[in-house]
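For reference, the chains in residue letters:
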Amino acid sequence: IEVLQTFAHLTAAALHHAQEHLQMLTYQRRLAALSAIGTVVSTAADLEELVANVLDVLLNVVGVFSGILLLYDPVNNTLTVGAARELPDAYIALQQGIAVAQTEYEEALRYGQLIRRPLLAEGAEELLIAENLKSCTYIPLLVGGTVVGIVSMFGDPTDWNRQTC
């Protein structure tokens, strides 16, 4: 019985260390992402370059290639395209100057919470499905508690880096 107890304690300690190691890796990835974003912010020459670079960093951290960063205009309650990567031109055009009400972005903007879901075969998302994209994640961009935009990332969720999303 003592041997079994010792083995159980060793197993528990090994599992605990493995969990701590995974948590450390997660923190390390987040720190690297923050560092990359800090570098992008400090080196951008203008807002257009800043927005494009932020989108590139976020896509790289998550491990997907397709995404769009939309800037929120609270006065008109609309979104405008700040930057887009690896998306059909027709989809990007449909996102330009859209009213937030009753769009796929409405809840993420209203509650300031990340939303992840499969793409639906309706509206503009049909264009994304035709490109073999399967799911989307909407990440609100917050400054001082105020939503200033949203990043939408698209892909196959099995390819995403779950430690950072």
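Quantities reported herein were computed from a predicted structural model and do not represent experimental measurements.

### A word on the environment of Ile 139
Item 1. Within the fold, Ile 139 resides in strand β5 (residues 135-143).
Item 2. Judged by relative accessible area, which is 22%, Ile 139 ranks as partly exposed.
Item 3. Sequence separation between Ile 139 and Leu 109 is 30 residues, and the spatial gap between their C-alpha atoms is 8.8 Å.
Item 4. When near neighbours in sequence (up to four residues on either side) are disregarded, Ile 139 contacts Leu 114, Gly 149, Ile 150, Val 151 and Met 153.

### Here we look at the pairing of strand β2 (residues 78-85)
Item 1. Note that strand β1 (residues 66-73) and β2 share seven bridges and pair antiparallel. Looking at β2, one finds that Leu 71 is bridged to Thr 80.
Item 2. Counted between consecutive antiparallel strands, the loop separating β1 from β2 contains four residues, among which Asn 77 sits at a positive phi close to 55°.
Item 3. Bridge count between β2 and strand β3 (residues 98-99): two bridges; the pairing is antiparallel. The residue of β3 that forms the bridge with Thr 78 is Ala 99.

### Comments concerning the sheet that holds β2
Item 1. Reading across the sheet, the six strands line up as β3-β2-β1-β6-β5-β4 and stay open at both edges, with antiparallel pairing between neighbours. Strands at the two margins of the open sheet, each flanked by one partner only, are β3 and β4 (115-118).
Item 2. Across the sheet, helix α2 (residues 47-62) touches β1, β2 and β6 (146-155), and the angle it forms with β2 is around 65°.

### Focus on the layout of surface pockets
If a probe the size of a water molecule is rolled over the atoms, the empty space left behind becomes visible.
Item 1. Size it by volume and the second largest pocket reaches roughly 230 Å³.
Item 2. Forming the walls of the second largest pocket are 11 residues, and the residues nearest its centre are Leu 50, Val 54, Leu 141, Val 143 and Val 148.
Item 3. Of all the elements, α2 adds the most residues to the lining of the second largest pocket, at four residues.
Item 4. Here the residues of the lining of the second largest pocket sort into 11 nonpolar, no polar and no charged.

Reading the values: the criteria
Sequence order as written defines the numbering, with residues in each chain counted from 1. Only residues with pLDDT of at least 70 get local features here, since the model is predicted, and only at 80 or more are side-chain atom pairs given and counted; chain-wide, interface and lining totals rely on the full set of residues. Calculation of side-chain values draws on the structure's entire complement of heavy atoms; hydrogens and water are dropped beforehand. The numbering of helices and of strands both runs from the N terminus, where a helix is a DSSP run of H or I of at least 4 residues and a strand a run of E of at least 2. Residue exposure (1.4 Å probe, protein chains only): buried if accessible area is under 20% of the type maximum, exposed if over 50%, otherwise partly exposed. We call two residues in contact whenever any of their non-hydrogen atoms come within 4.5 Å of each other. The criterion for strand pairing is that DSSP finds at least two bridges linking the strands in question. Interaxial angles span 0 to 180 degrees and are taken between N-to-C directions of axes, which are lines fitted to C-alpha atoms, for helices over the stretch in contact. Buried and open spaces are told apart on a 1 Å grid over the protein atoms alone, a cavity being a set of points where a 1.4 Å probe fits but cannot get out and a pocket being an open set with protein on both sides within 12 Å along at least five of seven lines. Residues with an atom within 4 Å of a point are the lining residues. Grid points are joined across faces, edges and corners, and a volume is the space filled by probe spheres set on the points. Gly falls in the polar group here, along with every residue not listed as nonpolar (Ala, Val, Leu, Ile, Met, Phe, Trp, Tyr, Cys, Pro) or charged (Asp, Glu, Lys, Arg).

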